[in-house]
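A structural walkthrough
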Amino acid sequence: MQIGQYPLTRQRRTRQAPFIRDLVQENRLSVKDLILPVFVCEGSHITKAVPSMPGVYRRSIDQLLIYAQEAQALGIPALAIFPVITPDKKSDNAEEATNDDGLIPRAIRALKAALPDLGIISDVALDPYTTSGQDGVTNENGYIINDATIDILIKQALSHARAGADVVAPSDMMDGRIRAIREALEASGSVNTLILAYSAKYASNFYGPFRDAVGSAANLGKADKYNYQMHPANSDEALAEVAMDIAEGADIVMIKPGMPYLDIIYRVKQTEKCPTFAYQVSGEYAMLKAAGQNGWLDEEKVMMESLLAFKRAGCDAILTYFAMDAARLLLP
Ligand code: PBG
């Protein structure tokens, strides 16, 4: 055999057996990286399926408490809660969003009373509450008015903080809302309430099943969110959004959607080095579920691979509807 004919460097040496694959593994997924998004609705003893998201349910507060306890028992650190607002409570100016006795404040109080150590992240945005299905109040042309919307978002965030939310998460994409909410929280003494800013939120078509779940799809109709959420073609703009939100007082930034935007997660984490979360959104979940149910993909395997990819891109935590399933697989 002639020396030099074959490789000396063999990348396959470190792939040959589990022990060495384990030792050289660069990124790992832990249950501590997972945030479970949940939908809460009025009533009691209700668990109502979301047809476009198999395995996901809208739960009344009593049922949510049971589910939240399961999540905590599996080691999941936090829930992100979203409301299903009944049509009679929706209005042009989203008054219900600032009601201290509204569904979300009641759910937060119940969760914090029952499970004080489970982190509660509440969504700050008006779309479940507006008759337009938009994340803000609109003028006569249907344009979302930035500053008038901020005034309501401040009240909504304060109401959630009063109810006991650990983290408020503005997902509306109005300019300047992080500073306004931070100042209001400080002024009211909620200095330790965290802000998770949906900084780079794209005008994505992957949100469809979520809008079915919260019941805003019919309100939105054929309208879109292009004049406030980001264009999917843009990437530098995401860095500008993130820098702005950090300067305004955000503790954590979010990129959304997730899988089609891993390049954005990577750039944000490389540039800002700040706590960075991403949202594997409803449409991403629906795709993987559908393929799994058809036998076209191995659901468990693609679920774990997709979540690990978020970690590789630089995510600190991932909001995913797979959180419970992934947590079960991650059990020691
Ligand atoms: C709205 C909001 C949306 C999602 C989270 N908060 C939808 C939207 O912007 O239309 C989507 C989450 C998902 O698709 O799972 N403020």
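From a predicted model like this one, the values you see are computed outputs, not experimental measurements.

1. Description of the pairing of strand 4 (residues 78-83)
Regular strands place their side chains on alternate faces of the sheet. Burial within strand 4 is extensive, with 6 of its 6 residues counted as buried. Residues Ala 78, Ala 80 and Phe 82 of strand 4 are buried on one face, and the alternating residues Leu 79, Ile 81 and Pro 83, pointing to the opposite face, are buried as well. With 6 bridges connecting them, strand 1 (residues 34-41) and strand 4 associate as parallel partners. Bridge assignment links Leu 36 to a residue of strand 4, and that residue is Leu 79.

2. A short note on the confidence of the model for the protein
In this model, the protein carries an average pLDDT of 97, and 99% of its residues clear a pLDDT of 70 or more. For this predicted complex, the interface confidence reaches an ipTM of 0.97, while the overall pTM sits at 0.96.

3. A few points about helix 9 (residues 262-272)
Inspection of helix 9 places Ile 264, Ile 265, Arg 267, Val 268 and Lys 269 among the buried residues, and these make up the whole buried set. Residues of helix 9 that are buried in the fold lie against strand 7 (194-201), helix 8 (236-247), strand 8 (252-256), strand 9 (276-280) and helix 11 (299-313). Among the residues trailing helix 9, Lys 273 stands out with phi positive, at a value near 55 degrees.

4. Notes on the UniProt feature "binding site: Mg(2+)" (unreviewed entry) in the protein
When the UniProt feature table is mapped to this numbering, "binding site: Mg(2+)" (unreviewed entry) covers Glu 241. By the element assignment, Glu 241 lies in helix 8. Under the C-beta neighbour-count criterion, Glu 241 is labelled buried, with 23 such atoms within 10 Å. When neighbours within four sequence positions are excluded, Glu 241 is seen to be in contact with Ser 199 and Ala 200.

5. So, the packing of helix 9 against helix 11
One can describe the packing of helix 9 onto helix 11 by two numbers: an axis separation of 8 Å at closest approach and a directional angle of 30 degrees. It follows that helix 9 is roughly parallel to helix 11 by the angle criterion. Here helix 9 contributes Leu 262, Ile 265 and Tyr 266 to the contact with helix 11, which in turn contributes Ala 309, Phe 310 and Ala 313. Residue composition of the contact of helix 9 with helix 11, grouped by class: 6 nonpolar, no polar and no charged.

6. Some words on the UniProt feature "active site" (unreviewed entry) in the protein
The feature "active site" (unreviewed entry), as given by UniProt, occupies Lys 201 and Lys 256 in the numbering adopted here. Separation in sequence by 56 residues is not matched in space for these annotated residues, since their most distant C-alpha atoms are only 5.0 Å apart. For Lys 201, the location among the structural elements is in strand 7. Judged by the 27 C-beta atoms lying within 10 Å of it, Lys 201 falls in the buried class. Residues within four places of Lys 201 in sequence aside, it is in contact with Ser 171, Met 173, Gln 229, Met 230 and Lys 256. Looking at the element boundaries, Lys 256 is found in strand 8. Beyond its immediate sequence surroundings of up to four residues, Lys 256 is in contact with Tyr 198, Lys 201, Tyr 202, Ala 278, Tyr 279 and Val 281.

7. Let's talk about the site of the ligand
Neighbouring the ligand are Asp 123, Ala 125, Asp 127, Asp 135, Ser 171, Asp 172, Tyr 207, Phe 210, Arg 211, Lys 225, Val 281 and Ser 282. For the shell around the ligand, a count of residues per class yields 4 nonpolar, 2 polar and 6 charged.

8. Here's the deal with helix 12 (residues 323-330)
Every buried residue of helix 12 is listed here: Ala 323, Ala 326 and Ala 327. Buried residues of helix 12, viewed axially, fall in a sector of 100 degrees; they line one side. Taken together, the buried residues of helix 12 touch strand 1, helix 11 and strand 10 (317-320).

Calculation criteria
- Residues numbered from 1 in each chain as written.
- Predicted model: local features only at pLDDT ≥ 70, side-chain atom pairs only at ≥ 80, totals over all residues.
- Buried ≥ 20, exposed ≤ 12 C-beta atoms within 10 Å, placed from the backbone.
- Helix = DSSP H or I, 4+ residues; strand = E, 2+ residues; numbered from the N terminus.
- Pairing = 2+ DSSP bridges.
- pLDDT = per-residue confidence, 0-100.
- Contact = placed C-beta atoms within 7 Å.
- UniProt positions renumbered as here; feature names shortened; annotations may be inferred.
- Axes fitted to C-alpha atoms, helices over the stretch in contact; angles between N-to-C directions.
- Parallel < 35°, antiparallel > 145°, perpendicular 65-115°, else oblique.
- Nonpolar A, V, L, I, M, F, W, Y, C, P; charged D, E, K, R; others polar.
- Near = placed C-beta within 6 Å.
- Arc of directions from axis to C-beta.

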